[in-house]
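Next come the chains, spelled out residue by residue.
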Amino acid sequence: MSRDKKRKKKLVAFLLIVLSCAASASIYHKTPIEENNVSSVLGDEQYTASSSGNEKNDRFESCTDEDQYDDLSITDHIRIELMNRPTSAFDTMPSFTVKYMSIPEQSLCSLFSCTHREESPIPMYVSDRGDKLTVSAAEAIYYETNDYDKYSYFLPIDDEINDMSNYFVHESELDFCSSEDALAQIDSILSSVGISTANSRIIAMDQSSLNDAKKLIERSLFWQSEPKTRQKKYSRTWSKRDECYVVVAEQSLNGYPVDATFCRSATDKTRFPARIVAMVDSSGVIGMEITGMYAVVSKEANQPVIDYKTAVQALTNYYTQSISEKKLCFVRAELKLVAMERKKEVVLSPMWIFSSTDEGASPDEIQARNIDEHLFITRVYVDAYTGEVISR
């Protein structure tokens, strides 16, 4: 089995092991996790939690007193305790009619020097050094050098609350280049194929954190279920030269961030998340995943959007008027463009997205999770134009 296929199977294996404790679960899998269509969005997303409580993702550290938005109990079962202050620089936002972007293969082949086409059902191009560029679909492209695979356990998955990046120092600067330079290398590649980014999250995988994370993984039930051959392959003592940056970014259209969540369309086609994951070490860009990018067909005029407090009021009105005993604790609130299907078109419209674990865990409880525990996440959407809460 190729390294690419093994890496693609690891994520689903992780989820299956956590949920079923099946020792024979298969390995890393990169096909998209399915989510309910955004027109019925009060659904559950399944993830794995990786935060031990020893290290905290800086993006989710508690806000200072002056920035802290007050916690709020909406009902006896539903409350808001934000991990980070919601930020929005927008008083008005447009909506877009979009289509999936077809990223030009040959342009990327030239950028990554992967010019030799291999015979395979999925288009794959290889460089003279053995680097691979795989085009899994029109909306999913993966580039990796030989070094990329060894970091597969630590690569971010679809929700940063739950991935191994929680173990790393997010604002650290590594010796070989600055985080700003690393981001510039990635943006240079993306801009050459017409992709702009927003909300870039830079994770510094320093030597100390890599070794600490390795110890945590090797104490997990997940690791114990791995075949001995894989344990031998991935068990290593990390050195200074292994340090690297990982950048996770969302697509930006005209400066407005696009929600990156997995989504099942009304036509029952599973969409890829609109996001980029890329890795930079001392040799340059050693891996990149580009999935679910949109291209603008048309843009509607900007309209006023509601602010956070108005969105909270809409949420409060919705739950105080409904009969629900489900325990929810909304720990995130984000204003982004969200994909919806209208007839045969895909429309990106601005929405406030409120996220809670399914069991209503508080921020402290989320941070205290260990690698073998899992979270279910519920997302509730508030239309930023009308204030309507979108649910089943």
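Basis of the calculations
- Residues numbered from 1 in each chain as written.
- Predicted model: local features only at pLDDT ≥ 70, side-chain atom pairs only at ≥ 80, totals over all residues.
- Heavy atoms only, no water.
- Pairing = 2+ DSSP bridges.
- Helix = DSSP H or I, 4+ residues; strand = E, 2+ residues; numbered from the N terminus.
- Buried < 20%, exposed > 50% of the residue type's maximum accessible area, 1.4 Å probe, protein only.
- Phe/Tyr/Trp six-rings, centres within 6.5 Å; stacked < 30°, edge-to-face > 60°.
- Lys NZ or Arg CZ within 6 Å of the ring centre and 35° of its normal.
- Salt bridge = Lys/Arg side-chain N within 4 Å of Asp/Glu carboxyl O.

A.B. asks: Quick question: what am I supposed to make of the pairing of strand β5 (residues 96-100) here?
C.D. replies: As a general feature of sheets, a regular strand has side chains that alternate between the two faces. Bridging between β5 and strand β17 (residues 294-299) involves 5 bridges; their strand directions are antiparallel. Within β17, the position partnered with Lys99 by the bridge is Ala295. The sheet contact formed by β5 and strand β20 (residues 345-357) spans 3 bridges and is antiparallel. Bridge pairing in β20 places Phe96 opposite Leu348.

A.B. asks: Please explain unusual backbone geometry as it appears in this structure.
C.D. replies: Among all residues save glycine, negative phi is the norm, and among peptide bonds the norm is trans. Phi at Asn199 is positive, roughly 50°, even though this residue is not glycine. Asn199 sits in the partly exposed class, given a relative accessible area of 36%. If you check the backbone angles, Asn254 has positive phi at about 55° while not being a glycine. By the element assignment, Asn254 lies in the loop between β11 (244-253) and β12 (256-257).

A.B. asks: I would appreciate a short explanation of the packing of aromatic side chains in the present structure.
C.D. replies: Aromatic ring pairs are defined here through the distance separating the ring centres and the angle between the ring planes. For the structure on display, the rule yields 10 aromatic pairs. Seen in terms of ring centroids, Phe90 and Tyr256 are 4.9 Å apart; in terms of plane orientation they differ by 50°. Their pairing is tilted. Remark: Tyr256 occurs in strand β12 and Phe90 occurs in the loop between β3 (78-80) and β4 (92-93); sequence separation between them is 166 residues. Given a relative accessible area of 21%, Phe90 falls into the partly exposed group. Taken together, Tyr308, Tyr318, Tyr319, Phe330, Trp352 and Phe354 form an aromatic cluster joined through their ring pairs. The ring of Trp238 is capped by Arg236, whose NZ or CZ atom sits 5.2 Å from the centre of that ring.

A.B. asks: Explanation requested: the pattern of salt bridges in the structure shown.
C.D. replies: If charged atoms from side chains of opposite charge come close, those side chains can pair. The full count for this structure, using the stated rule, is 11 salt bridges. With a closest N to O distance of 3.9 Å, Glu218 and Lys214 form a salt bridge. In this pair, Glu218 and Lys214 both sit in helix α4 (residues 207-218), 4 residues apart, roughly one turn of the helix. Judged by relative accessible area, Glu218 falls into the partly exposed class, the value being 23%. Judged by its relative accessible area of 17%, Lys214 is buried. When the shortest N-O distance is used, the salt bridge between Asp259 and Arg379 registers 2.9 Å. Linking Asp259 in the loop between β12 and β13 (263-264) with Arg379 in strand β21 (residues 374-383), this pair joins segments that are 120 residues apart in sequence.

Honestly, it's all geometry; don't read function into it.
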